[in-house]
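# Structural overview
One-letter residues, chain by chain:
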Amino acid sequence: MSRINLGDWLAKDSEARLASVILDVASACVEISRLVRGGALSGALGEAGAVNVQGETQKKLDVLSNEICKARLGANAAIAAIASEEEDHAVGFERPDAPFLVAFDPLDGSSNIDVNVTIGTIFSVLPHRGGEAGDDAFLQPGRNQLASGYVSYGPQTCLMLALGGKTLQFTLDPATETFILTHERIVMPGGTPMIGANLSNLARWATPISEAARACLDGGTHNQRWVGSMVADIHRMLHQGGVFLYPGQVDKPNGKLRLLYECNPIALLVANAGGASFFGARRVLEIEPETLHQRIGFASGDPELLTLLRVTA
Ligand code: P6P
């Protein structure tokens, strides 16, 4: 495959201002990848000594990544506002005519930072319809997304991008720090008997999924993997197939994962790759959000396996 970088690929047939947003996300993630790669040497490990709006203890890298994303995206005149997992409310830039909104989780999986496990940045680009760009502007169904994706900081640094009905992957060339197109179209394999789930949660799930998943696992027909970092588990699923399950639980009927900047961007990647994503019987991309940091139960991946697991029953 001839080497084409992200900028040249976007220049071929993407709207220029949307391309600029994706390039700025990618540039922010290159900065974050340097901190991640440096680990203890970059002073990026450990806790930041604060708690975010989610009530979660912030890691230093959560805070640093958030500041990098805010600075880079805030400088793009095409962005009316951003929403971050690490910010209580949307951050507007007094640009009523700017066409885009960007929601992001600057560093997902941060509990894995200090133990050198793959983590990632997740982003979602929505249309801004003019006017004040506050929290309510972001309350759009995931089907409205103009682009979405993640950058995984693992053995490779990869950008997985949903754009124009496709999911494709770029891999960071460490020598030049440019993202190079390596997978022109990701199509998730079918028939993979792999269940991505935290087995300790199985018994707590408030749905029939747990019995179906337990039957598959105890029956020896399926295997199970769980990194505990969504980007890592989803990356495996997009390449190898299977499902990712974090449904609602008896004590947490809306599960753990956030709709706007975790589930929606992933659901678009999965849909473009031939899969589907549900919260109960509802298709994730059709859910009308009610609040900025809304959580939902999330079951995503191979449609046939989701049906076997009674996700879509
Ligand atoms: P558990 C990371 O904290 C995260 O939000 C996702 O990246 C990951 O899939 C999930 O939580 C892991 O949750 O309950 O297994 O620790």
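Values in this document were obtained by computation on a predicted structure and should not be read as measured data. (Residues numbered from 1 in each chain as written. Predicted model: local features only at pLDDT ≥ 70, side-chain atom pairs only at ≥ 80, totals over all residues. Heavy atoms only, no water.)

Bringing the site of the ligand into the picture now. Taken together, Asp108, Gly109, Asn198, Trp226, Gly228, Ser229, Met230, Phe244, Tyr246, Lys256 and Leu257 make up all the residues around the ligand. A distance of 2.9 Å is found between an oxygen atom of the ligand and a side-chain nitrogen or oxygen belonging to Trp226. A distance of 2.8 Å separates an oxygen atom of the ligand from a polar atom in the backbone of Met230. Burial of the ligand by the surrounding chains reaches 82%, relative to a free accessible area of 400 Å². (Near = heavy atom within 4 Å. Polar contact = N/O pair within 3.5 Å; in protein donor to acceptor, adjacent residues only side chain to side chain. Areas by Shrake-Rupley, 256 points an atom, 1.4 Å probe, with all protein chains shown as cover.)

In the contact formed by helix H1 (residues 6–13) and helix H2 (residues 16–38), the axes pass within 10 Å of each other and the chain directions differ by 165 degrees. Considered as vectors, H1 and H2 are oriented roughly antiparallel to each other. Seen along the crossing, H1 lies across H2 with a hand that is right-handed. Here H1 contributes Leu6, Gly7 and Leu10 to the contact with H2, which in turn contributes Ala19, Ile22, Leu23 and Ala26. (Axes fitted to C-alpha atoms, helices over the stretch in contact; angles between N-to-C directions. Helix = DSSP H or I, 4+ residues; strand = E, 2+ residues; numbered from the N terminus. Parallel < 35°, antiparallel > 145°, perpendicular 65-115°, else oblique. Left-handed = near helix turned anticlockwise from the far one by under 90°. Contact = heavy atoms within 4.5 Å.)

Here the UniProt feature "domain: Fructose-1-6-bisphosphatase class I N-terminal" (unreviewed entry) sits at residues 13–184. Regarding residues 13–184, the helix share stands at 23% and the strand share at 36%, and the terminal C-alpha atoms are separated by 14 Å. (UniProt positions renumbered as here; feature names shortened; annotations may be inferred.)

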